[in-house]
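Topology and contacts: notes
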Amino acid sequence: MPGNEPEQLGTGLKVRHLTMMGLGSAIGAGLFLATGIGIRTAGPAILVSYALAGVLVALVMRMLAEMAAALPSSGSFSTYAEEGIGRWAGFTLGWVYWFTLIMVLGVELTGASAIIHGWAPGVPQWVVALALIGFFAAVNLVGVRSFGEFEFWFAALKVAAIVAFLVVGLLLIFGVLPGTEPVGFTNLLGAGGFAPNGLGQVATGLLVVVFAFGGIEIVTIAAAESDDPQRSIAVVARSVVWRILLFYVGSVAIMVFVLPWNSPALLAGPFVAVLELGGIPGLALMMEIVVVVALMSAFNANVYGTSRMAFALAQRGDGPRSLLRVSRHDVPVAAVLVSVVFALISVLLNWLLPEQLLGLLLSAAGSPYLSWLTLGLLVALVGLMLTDDGARPQVFATAGLVAVVVGIFVVREVSATRRTRRTRREGITVALDRLSS
């Protein structure tokens, strides 16, 4: 557009913006609703599963942050895969990530619109979803600094709710609230012990929780639009990982301390189940509001992530050049609109497809020993998923998706090669005709 470089994004994101974007995208409905499933699977020993998953994510983020500091790019791990492995790897990882995150957007949008529809039954759910799509499209189309400011306060509301939960939970554990007594280790070690279903369920629980940390990688995508990428990503990657670990592990620790691991209330809603013990009025509505804020904050950050990944792929020639169009605010307007449209379509797809889609994690060399250790842990995790009846279809589905994307890359490369050869032959023919004349 006039006055803008055609392939230039803006800058202006601060460390605090990046930090809240990481927290906002990683802390979603998985923490507020799905933790009960993990507790029911492994009992209090689910704490070990969360700790192991957190260590794995910390290792991946450490290495990803090193690469982001050295080469800030909106393509992040897709760019680094292309640099280190080859074009096919960058193409595949980028578009698989885009596709899976689009499906996540559909889940978040469906969940938020369903809750809001419950507040106003007279308004069709599709109208609510359309209104949310329009609102967040507008938020993502403003300048990146304004977007960062909005997401900062939006995610801050969710973080404040978690902090409040941790405080109330600690008061319950120590019996400080009126009508409560200290719980001690009765629930943590009772009803079958710390690992009532056996230590093997720690591994099964790991499959439940490991991808709950997904979304934290968005900070490395956003680093390219920060004022000081090298400094920002180093600070943010460290702080976000440990804060998320505190929120996840701390919240789950409170749950297994104050409630029996086999309590049906944990499956219905673990946060609500804990706070009900404190006799807090208006709890159901408060938690619904918190969950909606969590879903919308994650949706907002993930729209940003998908649009920037699509822009970066197009910038490298791995996507339509129309995705390179930027607005006068240096926002990739075409990429944002494509992402929100596909998110709306994915709402329909989520009624037909399974609720969970496998996230794809990738790490590359930072420290060589830690890199090999991390890669080994990721391979072991996939092997573990192959032994689990519930997770095995996710592995096969993801393998199929990767195969389709690689196939698209091969077809594009073959077509490009043929066009190049045809152009070269035509050029030679024209040159020979000129010489003969």
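Because the structure is predicted, anything quoted here is derived from the model rather than measured.

Definitions and cut-offs
Residues numbered from 1 in each chain as written. Predicted model: local features only at pLDDT ≥ 70, side-chain atom pairs only at ≥ 80, totals over all residues. Heavy atoms only, no water. Patch = residues over 30% accessible without salt bridge, like charges linked within 9 Å, V, L, I, M, F, W, Y side chains within 5 Å. Areas by Shrake-Rupley, 256 points an atom, 1.4 Å probe, with all protein chains shown as cover. Salt bridge = Lys/Arg side-chain N within 4 Å of Asp/Glu carboxyl O. Helix = DSSP H or I, 4+ residues; strand = E, 2+ residues; numbered from the N terminus. pLDDT = per-residue confidence, 0-100. Contact = heavy atoms within 4.5 Å. Expected span 1.5 Å × (residues − 1). Buried < 20%, exposed > 50% of the residue type's maximum accessible area, 1.4 Å probe, protein only. Core = buried A, V, L, I, M, F, W, Y, C linked by side-chain atoms within 4.5 Å. Lys, Arg positive; Asp, Glu negative; His and termini not counted. Polar contact = N/O pair within 3.5 Å; in protein donor to acceptor, adjacent residues only side chain to side chain. Phe/Tyr/Trp six-rings, centres within 6.5 Å; stacked < 30°, edge-to-face > 60°.

Some details on a nonpolar patch on the surface
Taken together, Val 48, Leu 52, Phe 185, Leu 189 and Phe 194 make up a surface patch of nonpolar side chains, about 450 Å² in accessible area. Mapping Leu 189 onto the fold places it in helix 9 (residues 186-189).

A few points about the confidence of the model for the protein
Residues at a pLDDT of 70 or more form 79% of the protein, whose mean pLDDT is 76. Contacts of residues 1-6 to residues separated by more than four positions or lying in other chains number eleven contacts, the stretch itself having pLDDT below 50. Ignoring residues within four places in sequence, the model shows residues 353-366, a span with pLDDT below 50, making 31 contacts including any to other chains.

With respect to unusual backbone geometry
You will see that Ser 76, though not glycine, has its phi angle at about 45°, which is positive. By the element assignment, Ser 76 lies in the loop between helix 4 (46-70) and helix 5 (77-84).

Digging into helix 1 (residues 15-26)
The end-to-end C-alpha distance of helix 1, which contains twelve residues, comes to 17 Å, matching closely the 16 Å that a straight helix rising 1.5 Å per residue would cover. Burial within helix 1 is extensive, with ten of its twelve residues counted as buried. Among the residues making up helix 1, those that are buried are His 17, Leu 18, Thr 19, Met 20, Met 21, Gly 22, Leu 23, Gly 24, Ser 25 and Ala 26.

Quick look at the nonpolar core
Counting 120 residues, the largest nonpolar core has Ile 27, Phe 32, Ile 244 and Tyr 304 as the members making the most contacts within it. The leading source of residues in this core is helix 12 (residues 229-258), at 16 residues. When residues no more than four places from it in sequence are discounted, the contact partners of Tyr 304 are Leu 13, Met 21, Asn 140, Val 144, Phe 147, Ile 218, Ile 221, Ala 222 and Glu 225.

What to know about the side chain of Glu 151
Considering the arrangement of structural elements, one finds Glu 151 in helix 8 (residues 144-173). For the buried Glu 151, no salt bridge exists, and the shortest N-O distance to an oppositely charged side chain is 6.0 Å, to Lys 158. Polar side-chain contacts of Glu 151 include one of 2.7 Å to the side chain of Asn 300. Dropping the residues within four chain positions of it, Glu 151 is found in contact with Met 20, Met 21, Gly 24, Ser 297, Asn 300 and Ala 301.

Things to note about the packing of aromatic side chains
The geometry of an aromatic ring pair is captured by the separation of the ring centres together with the interplanar angle, meaning the angle of the planes. Here the structure, examined in full by the defined rule, presents 13 aromatic pairs. Seen from their ring centres, Phe 77 and Tyr 97 are 4.8 Å apart, and the 75° between their planes marks the pair as edge-to-face. With a gap of 20 residues between them, Phe 77 in helix 5 and Tyr 97 in helix 6 (residues 87-119) connect regions that are remote in the sequence. A relative accessible area of 6% places Tyr 97 in the buried class. Through pairs of rings, three or more aromatic residues link up here, namely Phe 135, Phe 136, Phe 150, Phe 154 and Phe 299.

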